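Structural characterization, general
Spelled out, the chains give:
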Amino acid sequence: MYRILEKKELAPKHIMYRIEAPHVARKVQPGQFVIVRAFPNGERIPLTPVMWDREEGWIVLITFVRGKTTMRMANELKPGDSILNVAGPLGNPAPIEKFGRVLAVGLSAGIVEVFPIAKALQKAGNDVTTLHVAPAPMAILKDEFTESVSRHIFEGFEIQEGWGTKEIVAEIAKRGAEKVKELLSEEDFDFVLTVGPAGAQKAVFNVVKEFGIPMHADLHPIMVDGTGMCGACRVMVGGEVKFACIDGPGFDAYKVDWDELIHRVGFYTDLERRALEEYLKSLRGE
Amino acid sequence: MAVRRKLIKERVPTPERPAEERIHDFKEVNLGYTFELAVKEAERCLQCPANYAPCIKGCPVHINIPGFIGKLVEYRDDPDKAVKEALKVIWACNSLPATTGRVCPQEDQCEMNCVMGKVGDKINIGKLERFVADYAREKGIDEELLFEMVPKIEKKGQKVAIIGAGPAGLTAAGELAKLGYDVTIYEALHEPGGVLMYGIPEFRLPKSIVESEIDKLRKLGVKILTDHIVGKTVTIEELLEEYDAVFIGSGAGTPRLINAPGINLNGIYTANEFLTRVNLMKAYLFPEYDTPVKVGKKVIVIGAGNTAMDAARSARRFGAEVIIAYRRGEEDVSARIEEVEHAKEEGIKFEYFINPVEFIGDENGNVKAVKFEKMKPLDERDKRGKRKIVGTGEYVTIEADTVIIAIGKHPNRLIINTPGLKVERGRIVVDENMMTSIPGVFAGGDAIRGEATVILAMGDGRRAAKAIHEYLTKKREGKENA
Ligand SMILES: Cc1cc2nc3c(=O)[nH]c(=O)nc-3n(C[C@H](O)[C@H](O)[C@H](O)COP(=O)(O)OP(=O)(O)OC[C@H]3O[C@@H](n4cnc5c(N)ncnc54)[C@H](O)[C@@H]3O)c2cc1C
Ligand SMILES: Cc1cc2nc3c(=O)[nH]c(=O)nc-3n(C[C@H](O)[C@H](O)[C@H](O)COP(=O)(O)OP(=O)(O)OC[C@H]3O[C@@H](n4cnc5c(N)ncnc54)[C@H](O)[C@@H]3O)c2cc1C
Ligand code: SF4
Ligand code: SF4
Ligand code: FES
């Protein structure tokens, strides 16, 4: 059981939890993740430690509320409560080397996962620009980024009437690709890193590819155990089957089979929607 | 001297729920003996002398089988006493009888050479073992027996870390705790139990049984740290700084995949993923439980071991039509006979001598069919005594919207990457004392054997505990003499 020390809404739908998890805090490196199970009948979901204190033994997780689990966490968990399971750290650390000028792109909620990596890259002597693409106003972690990297850019847009998740995600992909194209055309970068929805990452990759710049992508396939036991997270990288939880989650973007990944993350969409709908119904007392 | 009595040739059957009822739920299929029925079956045993009894030789942990069966008959007027005495005999060699009684491949082990087989049915040793354990648990006799043992434990003041809470790790932990060591289990998942918890379904091994075994361990003072992944959360090197010895029981959890086009199509599960979703995460109760699973109308399970039967029978319980596709023939099916029979009763079809070569998908990346090559057997046999098979160049395509791959597993990767740990073909290498190439680090179960059985894993756990005890005794005495 892992106690919630602090809980805060950082922006609409972005909830921060500071959690006592000394076993993770002691070891975690930028790029690694944890698996969280919050409720007795709950799912195991991967989340990323965004900040941590090794001595005090806590980690910060930031969830973007999108389905039943993240919504239940937002609704039901209070400071002082405990989270049943926080397993980790899992996965491999991101490459923290001296690349030179780095562009680190956080698409939508992916920005929170960019933070520890970007910070470490800057510390390792790189000149890091971070780019956050999301509907405005969602200036999440703005001060933290400004303090930690050379430059932080927020690329926001207005949500149009009648847009659903699909249209928003499409807009994130479009805006992300355009902004990255602009940056890469005007300036020299040595390394690009992205985190975010697979479709948007692919759009950004297609731009980066034109410039031939090395690119690292943190992938988010569906996971169950996170320890290499189930194979749910398998992705095709360089023509080989890899398990994102133990071989990744970060891979060379040039080798990833993006279309397959996009299919795979959408496999449960109908059931996820049903779970959310029934949960919302139960909230309304139906 | 045993009294001479009439040979009763037929087994006393154990009640089972009918197939048409049980395919609609995940409740246990076999209901087990009552005390009366158990005694009736026990009476059939010829009570072969322990030094000769072939059943004892066939059991990998050498339980004194006529010994425990005899107690049921001897104290037939006092069921509680009968069970307690029988349990004592079993516990001397096996601490998880409710589990092994249900899942051991008895036909290849204890029951294989039972002398009753020469004149009639072999004694139903597995179901008798299960009965003793179940009765004891229901009546609290097991706890009573445990507490009679606990006060005698003399604390040794040394600490042992166990990696993995499967049958190997749980057994090692229990034995070491009884010897007075301070034992902590590191388990990666949120529930201890290993395959017993995430792999073997509820209808074959109710999870409450596993939980009760783990409860007893906790009462013996064993600490269990879930969510701790050795190799990530903590390394073996770090464990050795804190503990006097380490036991690795991390199992063979890495699923083997088929190297064929389309393997990553949606709807293709490894048996591990499918069974974990269904068992550990209780996806059969979705959306009451949050974890989803998708079972289509037509399911193909590839493989023919216990894992394949479990996956097939679980899928059947979601209402699917299920085919088990195996590249060899019926004679080579490695699952327990009881599971194969149950699978057939439940309407699962078996297709032999077909080997998958391609998974065919639709435009959305979902699997819609599997292309198989037809195989044919040769007279020549391989090292394991199985007939060799070759492709015929002929193909057959079978439609399916869900495919479950159950062709085996490798040992867990996170552990075997430990520097200095000798590994051959993915398996941790141990010496005759179950010690690995790292002094003070022992290993057993599927981690050293590849895929094996529950009872072999337990046997390893027990032997390793003994070896660790010897190792730590020397260490203690070394210190005292220094
Ligand atoms: C390595 C990794 C790190 C992540 N870090 C974060 C993070 O720091 N903050 C954050 O908000 N989200 C993070 N995610 C995504 C997060 O796991 C999903 O948001 C979460 O599972 C959604 O659950 P839900 O029930 O609320 O939504 P659902 O309605 O169940 O799903 C919404 C979408 O989330 C994804 N998803 C659902 N279940 C899983 C699962 N078991 N594993 C992976 N993805 C899933 C799917 O793409 C799905 O379409 C991370 C994912 C991965 C793989
Ligand atoms: C579906 C299925 C059905 C089966 N049916 C039968 C049957 O009917 N009869 C039979 O005898 N056998 C059966 N088996 C085989 C049997 O279950 C195994 O041989 C046995 O469980 C092996 O025990 P173990 O303790 O070595 O490993 P496991 O049971 O695999 O347990 C290993 C444990 O270690 C944990 N672990 C792994 N890596 C780490 C790490 N790095 N850090 C911390 N913890 C870790 C795992 O999470 C797991 O809990 C079946 C197996 C499967 C998969
Ligand atoms: S442990 Fe297994 S093999 Fe041994 S007697 Fe029991 S059921 Fe038979
Ligand atoms: S071999 Fe059969 S008859 Fe003989 S003791 Fe064992 S179970 Fe009884
Ligand atoms: S999440 Fe199960 S193997 Fe990666």
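These numbers were taken from a predicted model, which means no experiment stands behind them.

1. Quick look at the environment of Val-367 of chain B
Residues and elements named next belong to chain B. You can see Val-367 is positioned in strand S11 (residues 367-381). Measuring from C-alpha to C-alpha, the distance between Val-367 and Lys-474 comes to 59 Å, with 107 residues separating the pair along the chain. Those residues in contact with Val-367, other than ones at most four positions away along the chain, are Leu-265, Asn-266, Gly-267, Ile-268, Phe-359, Ile-360, Gly-361, Ala-400, Asp-401, Thr-402 and Val-403.

2. Looking at the pairing of strand S8 (residues 321-325) of chain B
Residue and element names in this part refer to chain B. Across the 5 residues that make up S8, a large majority, 4, are buried. By the bridge criterion, 5 bridges tie strand S7 (residues 298-302) to S8 in an arrangement that is parallel. From the neighbouring strand, Lys-298 faces S8, where its bridge partner is Glu-321. For the segment spanning S7, helix H14 (residues 306-316) and S8, crossover handedness is right-handed. Handedness of the crossover joining S8 and strand S9 (residues 349-351) through helix H15 (residues 337-345) is recorded here as right-handed.

3. Quick notes on the pattern of salt bridges
Residue and element names in this part refer to chain B. Summed over all chains, the structure comprises 65 salt bridges over all chains. The closest approach of N and O atoms between Arg-328 and Asp-382, which form a salt bridge, is 3.7 Å. Of this pair, Arg-328 sits in the loop between S8 and H15 while Asp-382 sits in the loop between S11 and strand S12 (387-399), and the two are 54 residues apart along the sequence. Each member of the pair, Arg-328 as well as Asp-382, carries the same accessibility label: buried. In the salt-bridge network here, residues are joined through shared partners; they are Arg-22, Lys-127, Arg-204, Asp-310, Arg-313, Arg-317, Arg-336, Glu-338, Glu-339, Glu-345 and Glu-346.

4. A look at the packing of helix H6 (residues 198-211) of chain A against helix H8 (residues 258-265) of chain A
All names here are of chain A. Viewed as axis vectors pointing N to C, H6 and H8 meet at an angle of 165°, and their least axial separation amounts to 9 Å. By the criterion of interaxial angle, the relationship of H6 to H8 is roughly antiparallel. Between H6 and H8 lies a crossing of left-handed hand. Of the residues in H8, those in contact with Ala-198, Gly-199, Gln-201, Lys-202 and Phe-205 of H6 are Trp-258, Asp-259, Leu-261 and Ile-262. Grouping the constituent residues of the contact of H6 with H8 by class yields 5 nonpolar, 2 polar and 2 charged.

5. Describing the interface of chain A and chain B
Interfaces are often sized by the amount of accessible area the parts lose when they come together. Across the boundary between the two partners, chain A contributes 48 residues, which contact 45 residues of chain B. Its largest share of buried area at the contact with chain B, chain A owes to Met-229, Arg-234 and Phe-267 of chain A, together 18% of the area lost on that side. Asp-247 of chain A is the salt-bridge partner of Arg-413 of chain B, the closest N and O atoms lying 3.0 Å from each other. Taken together, the connections running from chain A to chain B amount to 25 residue pairs in polar contact (both at pLDDT 80 or more). Those elements that provide at least two residues to the side of chain A that touches chain B are helix H2 (68-76), strand S8 (85-90), strand S14 (234-237), strand S15 (240-243), helix H7 (244-247), H8 and helix H9 (269-283) of chain A. A per-class count over the side of chain A that touches chain B returns 21 nonpolar, 13 polar and 14 charged.

6. A closer look at the site of ligand 1
Residues and elements named next belong to chain A. The environment of ligand 1 is made up of 23 residues, and the closest members are Pro-46, Thr-48, Phe-64, Arg-66 and Thr-70. Note that a nitrogen atom of ligand 1 is positioned 2.9 Å from one of the backbone N or O atoms of Met-223. Here ligand 1 has 850 Å² of accessible area as a free molecule, and 91% of this is covered by the chains. Those elements giving two or more residues to the shell around ligand 1 turn out to be strand S4 (44-47), strand S6 (58-64), H2 and helix H3 (111-123). In terms of residue class, the shell around ligand 1 is made up of 11 nonpolar, 6 polar and 6 charged.

7. Thoughts on the sheet that holds strand S17 (residues 441-443) of chain B
Residues and elements named next belong to chain B. One open sheet holds the 5 strands; their spatial order is S3-S2-S1-S4-S17, and the pairing between them is parallel. Two strands lie at the open edges of the sheet, namely strand S3 (223-225) and S17, each paired on one side alone. Strand-to-strand twist of the sheet, defined as the mean angle between neighbouring strand axes without regard to direction, takes the value 20°. Looking at chain direction, strand S4 (residues 245-248) and S17 are connected through 3 bridges and run parallel. Residue Ile-248 lies in a different strand from S17, and its bridge partner there is Ala-443.

8. Looking at unusual backbone geometry
Here the bond from Gly-88 of chain A into Pro-89 of chain A is cis, since omega is 0°, no more than 30 degrees from zero. Note that the residue after Gly-248 of chain A, namely Pro-249 of chain A, is joined by a cis bond; omega there is 10°. Examined against the element boundaries, Pro-249 of chain A turns out to sit in the loop between H7 and strand S16 (250-252). Of note, Lys-13 of chain A is a non-glycine position whose phi angle comes to about 70°, a positive value. Residue Gln-47 of chain B is not a glycine yet carries a positive backbone phi of 55°. The topology assignment puts Gln-47 of chain B in the loop between helix H2 (35-44) and helix H3 (54-58).

9. Quick look at the side chain of Gln-109 of chain B
Structurally, Gln-109 of chain B is set in the loop between helix H6 (97-103) and helix H7 (125-139). When residues no more than four places from it in sequence are discounted, the contact partners of Gln-109 of chain B are Gly-58, Cys-59, Pro-60, Cys-104, Thr-453 and Ile-455 of chain B.

10. What to know about the confidence of the model for chain B
Per-residue confidence for chain B gives a mean pLDDT of 93, with 98% of residues at or over 70. Scored as a whole, the predicted complex attains pTM 0.94, and scored at its interfaces, ipTM 0.94.

11. Description of the sheet that holds S11 of chain B
Residues and elements named next belong to chain B. One open sheet accounts for 3 strands, arranged S10-S11-S12; its pairing is antiparallel. Edge strands, defined here as strands with exactly one partner in the open sheet, are strand S10 (354-361) and S12. Between one strand axis and the next, the sheet turns through 15° on average, direction left out of account. Looking at chain direction, S10 and S11 are connected through 7 bridges and run antiparallel. Along S11, the bridge assignment pairs Gly-361 with Val-367.

12. Focus: the nonpolar core
Formed by 111 residues in total, the largest nonpolar core has its most connected members in Phe-68 and Leu-72 of chain B. With 9 residues, helix H18 (residues 454-481) of chain B is the single largest residue contributor to this core. When near neighbours in sequence (up to four residues on either side) are disregarded, Leu-72 of chain B contacts Phe-35, Val-39, Ala-42, Ala-82, Val-83, Ala-86, Leu-128, Phe-131 and Val-132 of chain B. Val-133, Phe-189, Val-192 and Phe-243 of chain A belong to the second largest nonpolar core, which has 46 residues in total.

13. Remarks on the packing of aromatic side chains
Scanning the model with the defined rule gives 17 aromatic pairs over all chains in all. For the ring pair Phe-131 of chain B and Tyr-135 of chain B, a centre distance of 5.5 Å and an interplane angle of 50° mean the geometry is tilted. On the criterion of helical spacing, the pair formed by Phe-131 of chain B and Tyr-135 of chain B is a turn pair, its members being 4 residues apart in helix H7. For the pair shown, Phe-131 of chain B and Tyr-135 of chain B are each scored as buried. The structure contains a cluster of three or more aromatic residues connected by ring pairs, namely Phe-267 and Tyr-268 of chain A together with Tyr-269 and Phe-274 of chain B. In this arrangement the basic side chain of Lys-178 of chain B is found over the ring face of Trp-91 of chain B, its NZ or CZ atom lying 6.0 Å from the centre. Note that Arg-317 of chain B overlies the ring of Phe-203 of chain B, its terminal NZ or CZ placed 3.9 Å from the centroid.

Rules used in this analysis
Residues numbered from 1 in each chain as written. Chains lettered and ligands numbered in written order. Predicted model: local features only at pLDDT ≥ 70, side-chain atom pairs only at ≥ 80, totals over all residues. Heavy atoms only, no water. Helix = DSSP H or I, 4+ residues; strand = E, 2+ residues; numbered from the N terminus. Contact = heavy atoms within 4.5 Å. Buried < 20%, exposed > 50% of the residue type's maximum accessible area, 1.4 Å probe, protein only. Pairing = 2+ DSSP bridges. Right-handed = clockwise from strand over helix to strand, strands pointing away. Salt bridge = Lys/Arg side-chain N within 4 Å of Asp/Glu carboxyl O. Axes fitted to C-alpha atoms, helices over the stretch in contact; angles between N-to-C directions. Parallel < 35°, antiparallel > 145°, perpendicular 65-115°, else oblique. Left-handed = near helix turned anticlockwise from the far one by under 90°. Nonpolar A, V, L, I, M, F, W, Y, C, P; charged D, E, K, R; others polar. Buried area = accessible area lost by both parts, 1.4 Å probe. Polar contact = N/O pair within 3.5 Å; in protein donor to acceptor, adjacent residues only side chain to side chain. Near = heavy atom within 4 Å. Areas by Shrake-Rupley, 256 points an atom, 1.4 Å probe, with all protein chains shown as cover. pLDDT = per-residue confidence, 0-100. Core = buried A, V, L, I, M, F, W, Y, C linked by side-chain atoms within 4.5 Å. Phe/Tyr/Trp six-rings, centres within 6.5 Å; stacked < 30°, edge-to-face > 60°. Lys NZ or Arg CZ within 6 Å of the ring centre and 35° of its normal.

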